[in-house]
Amino acid sequence: MSKVELSRVEGRSAEEAGRGFFGDFGGQFVPDALKEALDHLAEAYEQIKADPEFQEELNYYFKHYVGRPSPLYHARRLSETLGGAQIYLKREDLNHTGAHKINNVMGQVLLAKRMGVKRIIAETGAGQHGVATATGCALFGIDCVVYMGEEDTKRQALNVFRMELLGAKVVPVKTGDRTLKEAVDAALEDYMENYRDTYYMLGSAVGPYPYPDIVRDFQSVIGEETKAQAVEQFGRYPDYLIACVGGGSNAIGLFAPFYHDREVKFIGVEPGGRGSRLGEHAAAITYGKPAVIHGFRCYSIVDETGEPATTSSIAAGLDYPGVGPEHSFYHASKRAEYVTVSDQEALEAFQLLSRTEGIIPALESSHAVAYAMKLAPNLPSDQVIVVNLSGRGDKDALQVYNLIKNQG
């Protein structure tokens, strides 16, 4: 099966695409061989997730290994600097491995262990999901292979070393744009050929069913904790939830538990990159259109032939031409608002949060911080914004240093 065929399977109706739809988005637009693997996973997940012992084991590792619950922190100096609304940070950057990715990995590695597989594969862009996957595999003694676009291996060389240090084999993907899209292609091809003894640890809320459901379920610990912490700290739910959106796992983890709480507004922040023209950004909802990519229907950035187009973002983890199907549905149904932040605005937010709070955010998370910086001054001081600080900025420090030096 070629990469083009994996990205776009023609001639299938919504009914043929299978389960896992959010309105018009999602499904299983995949070859029969891959559908067999996905259905096998879906059946196992439905059985295992309802098992109280599984949930007890997951909660044990969340508490004693990941370090949950993560704090909900009132960023007072940032709030005072900006004026207006109060900004709180959901500190996913304090999790073991430095990002929200470990939540999903712990759930999926326990699922894989129960399924009896001997090998786990993953794709990664910024490297945080790859590091988390390698961490989970090291913890349980499972062989690990991580596919990563060659361009991203250069941008995130430190994370490549971390994965290798943890015992993973990192495979640079040298086709196409050599970024996250190609890494997903390579991982899907591997999974389709080897699923009987291999588990594919998909890192974001994308892909064919059941992956968007699995990732959302394991990441929803973010929103569930935020609900309880908000009531404890300021007596009610937040007015706004803000999170960066590439594939969208950190955002859906924050948003989904609040879905029925209509007074809480959702804002997803997409990577606006360098501009609005094709190839200058990776904002699939803002500039894209509904299409099938990597086996599911979502808002996508596609070229004139309908193939996934070149994208660009300062943040490797947001550099993807599609977005999760649940986010696509949130946009179409107007449950959430999706906006863009430019590379430069994210870079400025990276520096401001560091100076005002002593917290260095990931460039991905800096997009969410940047939009909060725009929004807060226009709101009254009794309004509350929660920003999902999805990762820490250690991995980006050298990249930002070079960018600032070159600007100077």
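Each remark here, short or long, concerns the structure printed above.
Residues numbered from 1 in each chain as written. Predicted model: local features only at pLDDT ≥ 70, side-chain atom pairs only at ≥ 80, totals over all residues. Heavy atoms only, no water.

Peer 1: For this particular structure, what's the right way to read the overall build of the protein?
Peer 2: When its secondary structure is counted, the protein shows 18 helices and 14 strands. Here the C-alpha coordinates of the protein stretch approximately 55 × 50 × 45 Å along the principal axes. The burial tally for the protein puts 63% of its 408 residues in the buried class. Long-range pairs, those at least 24 residues apart, make up 74% of the contacts in the protein with a sequence separation of at least 6. Only carbon and sulfur atoms are counted for the fraction: they give 49% of the accessible area of the protein, which is about 15,200 Å². Side-chain charges of the protein comprise 41 positive and 54 negative groups, with the mean position of each set lying 3 Å from the other. (Helix = DSSP H or I, 4+ residues; strand = E, 2+ residues; numbered from the N terminus. Buried < 20%, exposed > 50% of the residue type's maximum accessible area, 1.4 Å probe, protein only. Contact = heavy atoms within 4.5 Å. Areas by Shrake-Rupley, 256 points an atom, 1.4 Å probe, with all protein chains shown as cover. Lys, Arg positive; Asp, Glu negative; His and termini not counted. Charge placed at Lys NZ, Arg CZ, Asp CG, Glu CD.)

Peer 1: What exactly am I supposed to notice about the pattern of salt bridges here?
Peer 2: When charged atoms on two side chains of opposite charge get close, those side chains can pair. Enumeration according to the criterion identifies 27 salt bridges in this entry. One salt bridge connects Arg178 with Glu150, and the closest N-O pair in it is separated by 3.2 Å. Of the two residues, Arg178 sits in the loop between strand S7 (169-173) and helix H10 (180-194) while Glu150 sits in helix H8 (residues 150-155), which places them 28 residues apart along the sequence. Residue Glu182 is joined to Lys181 by a salt bridge in which the shortest nitrogen-to-oxygen separation is 2.7 Å. (Salt bridge = Lys/Arg side-chain N within 4 Å of Asp/Glu carboxyl O.)

Peer 1: It is not clear to me how the pairing of strand S10 (residues 265-273) should be interpreted in this structure. Could you clarify?
Peer 2: For a regular strand, the rule is simple: side chains alternate between the two faces of the sheet. In terms of burial, S10 is largely enclosed, as eight of its nine residues are buried. Sheet topology note: the S10/strand S13 (residues 336-342) ladder contains seven bridges and is parallel. Within S13, the position partnered with Val269 by the bridge is Val339. (Pairing = 2+ DSSP bridges.)

Peer 1: Can you help me understand the sheet that holds strand S5 (residues 119-124) in this one?
Peer 2: Strands in a sheet are paired, the pairing made by backbone hydrogen bonds, and the direction either parallel or antiparallel. Read across the sheet, four strands follow the order S7-S6-S5-S8 without closing on themselves; strand pairing throughout is parallel. What marks the edges here is a single partner per strand, and that holds for S7 and strand S8 (198-201). The average undirected angle you get between the axes of adjacent strands in this sheet is 20°. Each of S5 and S8 touches helix H6 (residues 101-115); the most contacted strand, S8, lies at about 165° to it. (Axes fitted to C-alpha atoms, helices over the stretch in contact; angles between N-to-C directions.)

Peer 1: Help me understand the packing of H6 against helix H7 (residues 128-140) in this model?
Peer 2: Packed helix pairs are specified by the crossing angle of their axes together with the interaxial distance, meaning the distance between the axes. At a minimum axis distance of 9 Å, the contact between H6 and H7 shows a crossing angle of 40°. The pairing of H6 with H7 is recorded here as oblique in orientation. Along this stretch, H6 crosses H7, giving a crossing that reads as right-handed. Taking contact as the criterion, the partners of Lys101, Ile102, Asn104, Val105, Met106, Val109, Leu110 and Lys113 in H6 are, on H7, Gln128, His129, Ala132, Thr133, Thr135, Gly136, Cys137, Leu139 and Phe140. Grouping the constituent residues of the contact of H6 with H7 by class yields nine nonpolar, six polar and two charged. (Parallel < 35°, antiparallel > 145°, perpendicular 65-115°, else oblique. Left-handed = near helix turned anticlockwise from the far one by under 90°. Nonpolar A, V, L, I, M, F, W, Y, C, P; charged D, E, K, R; others polar.)

Peer 1: I'm lost on the nonpolar core in this one. Help?
Peer 2: Nonpolar side chains in soluble globular proteins tend to end up buried together. Membership of the largest hydrophobic core comes to 91 residues, with the highest contact counts inside it found for Met163, Tyr191, Tyr200 and Tyr330. Considering each element in turn, this core owes the most residues, eight residues, to H10. Other than its neighbours up to four places away in sequence, Tyr191 contacts Leu34, Ala37, Leu38, Leu41, Ile121, Thr198, Tyr200 and Tyr211. Of all hydrophobic cores here, the second largest spans 37 residues; its members include Leu82, Cys244, Ile267 and Ala349. (Core = buried A, V, L, I, M, F, W, Y, C linked by side-chain atoms within 4.5 Å.)

Peer 1: Is there a simple way to think about empty space enclosed by the protein in this case?
Peer 2: Vacant regions in the atomic arrangement are exposed by a probe of water-molecule size rolled over the atoms. The full count for this structure, using the stated rule, is three cavities of 30 Å³ or more. In this structure, the largest cavity is lined by 31 residues; those nearest its centre are His100, Lys101, Ser249, Gly317 and Leu318. For the lining of the largest cavity, the elements supplying multiple residues, two or more each, are S5, H7, H10, helix H13 (249-255) and helix H17 (363-375). Considered class by class, the residues forming the lining of the largest cavity number 10 nonpolar, 17 polar and four charged. (1 Å grid on protein atoms, 1.4 Å probe; cavity = no way out; pocket = protein on both sides within 12 Å on 5 of 7 lines; lining within 4 Å. Points joined across faces, edges and corners; volume = space filled by probe spheres on them.)

Peer 1: Teacher, can you tell me more about unusual backbone geometry here?
Peer 2: Apart from glycine, the bulk of residues carry a negative phi angle, and the bulk of peptide bonds sit in the trans form. Residue Arg68 is joined to Pro69 through a cis peptide bond whose omega torsion reads 5°. The topology assignment puts Pro69 in the loop between helix H4 (52-66) and strand S3 (72-74). At the junction of Tyr209 and Pro210, the peptide bond is cis and its omega measures out at 15° in the coordinates. The topology assignment puts Pro210 in the loop between S8 and helix H11 (211-219). Backbone geometry at Arg178 places phi at a positive 60°, although glycine is not the residue there. Even without being glycine, Lys334 reaches a positive phi, approximately 65°. In this structure, Lys334 sits in the loop between helix H15 (325-332) and S13. By relative accessible area, Lys334 is classed as exposed at 72%.

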